[in-house]
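# Residue-level structure breakdown
As a plain string of letters, each chain reads:
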Amino acid sequence: AWTPKTSLEWDLAAPVSEYSGGIDSSGLTSTTMVNYAYSTKTTFGLGFTTGFTGVAGSDTQTFEQVNARMTSTASPFISYSGTVGFEWRDTGETRSTSPVFGLGATWTPRVGTSLTLTVDQRVQNSAAITGANYTSTSVALSCSQRLGSFASLGASIGYERASYESALSDQTIDRLDQTVFAQASVSRTVFKHISLSATVSYLHTASTDLPQSSTQVSVSASYAF
């Protein structure tokens, strides 16, 4: 905090992605955001992001983003947030400029119940095609319900559109993936600091190159301290 109304925020991330039969990647991302509390309910922010992604079998990609953000609590029941900006990406052979954004709204009709709608767009490197990136645009609706003080239920549905483009100057890629997904989860606190959760997910992808469907079941445990 600089003053009662302004603050500085810094995030540093080092994502690593490894795939069996896919294209691995790793990188580093730094985001700096200056926030201004316009009122007790609304905050504005302006930020800059820079980073790089090393992709197996391809040149290292560098990128920069400029983003503007707003968060607001319209009432005790409704809150929303939005981040919009542009990304400049250099793949070593090509340069591109893309809009990026993340929008969300949450309705909390009562304590323990919430309904959230999110829309976002971002650029990622492909784990399936060498020398390719894709622009992912998605919308998702999720809800959660707390059951007493020890358990909660969650569910979500959504849609994602992934449009691919080449990161190489001598290669052309024409691929479009459209995915619908659904997920249900249950979690319960079994001890003071330990909780267990189980999740079932289903997705179906209609693709010009590789259509697929899958169902996944996961169980996890977490310890909070």
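In this text the structure is predicted, and so the values were computed from the model without any measurement.

### Focus on the overall build of the protein chain
Scanning the protein chain for helices and strands turns up 0 helices and 13 strands. Secondary structure elements of the protein chain, listed N to C terminal, follow the sequence β-β-β-β-β-β-β-β-β-β-β-β-β. Projecting the C-alpha coordinates of the protein chain onto the three principal axes gives extents of approximately 60 × 45 × 30 Å. Split into buried and exposed, the 225 residues of the protein chain put 27% on the buried side.

### Quick word on the pairing of strand 6 (residues 78-90)
Pairing between strand 5 (residues 61-73) and strand 6: 12 bridges, direction antiparallel. Opposite Phe63, over in strand 6, you have Arg89 as the bridge partner. Between strand 5 and strand 6, which pair antiparallel one after the other, the connecting turn spans 4 residues. Two elements, strand 6 and strand 7 (residues 95-110), share 13 bridges in a ladder whose sense is antiparallel. Pairing of Tyr80 across the sheet is with Ala105, part of strand 7.

### Some details on the pattern of salt bridges
Two side chains bearing opposite charge may form a pair once their charged atoms approach each other closely. Scanning all chains against the criterion turns up 6 salt bridges. Linking Asp90 and Arg95 is a salt bridge whose minimum nitrogen-to-oxygen distance equals 3.2 Å. Using a relative accessible area of 24% as the deciding quantity, one classes Asp90 as partly exposed. For Asp177, the salt bridge is made with Arg175, and the minimal N-O distance between the two is 2.9 Å. With respect to burial, Asp177 and Arg175 carry one shared label: buried. Each of Arg175, Asp177 and Asp209 takes part in salt bridges that share partners, so that together they form one network.

### Re the environment of Ser39
Inspection of the secondary structure puts Ser39 in the loop between strand 3 (25-37) and strand 4 (42-55). Ser39 gets classed as partly exposed once you look at its relative accessible area, which sits at 30%. When the C-alpha positions of Ser39 and Ser72 are compared, they lie 9.2 Å apart, and in sequence the two are 33 residues distant.

The rules we used
Residues numbered from 1 in each chain as written. Predicted model: local features only at pLDDT ≥ 70, side-chain atom pairs only at ≥ 80, totals over all residues. Heavy atoms only, no water. Helix = DSSP H or I, 4+ residues; strand = E, 2+ residues; numbered from the N terminus. Buried < 20%, exposed > 50% of the residue type's maximum accessible area, 1.4 Å probe, protein only. Pairing = 2+ DSSP bridges. Salt bridge = Lys/Arg side-chain N within 4 Å of Asp/Glu carboxyl O.

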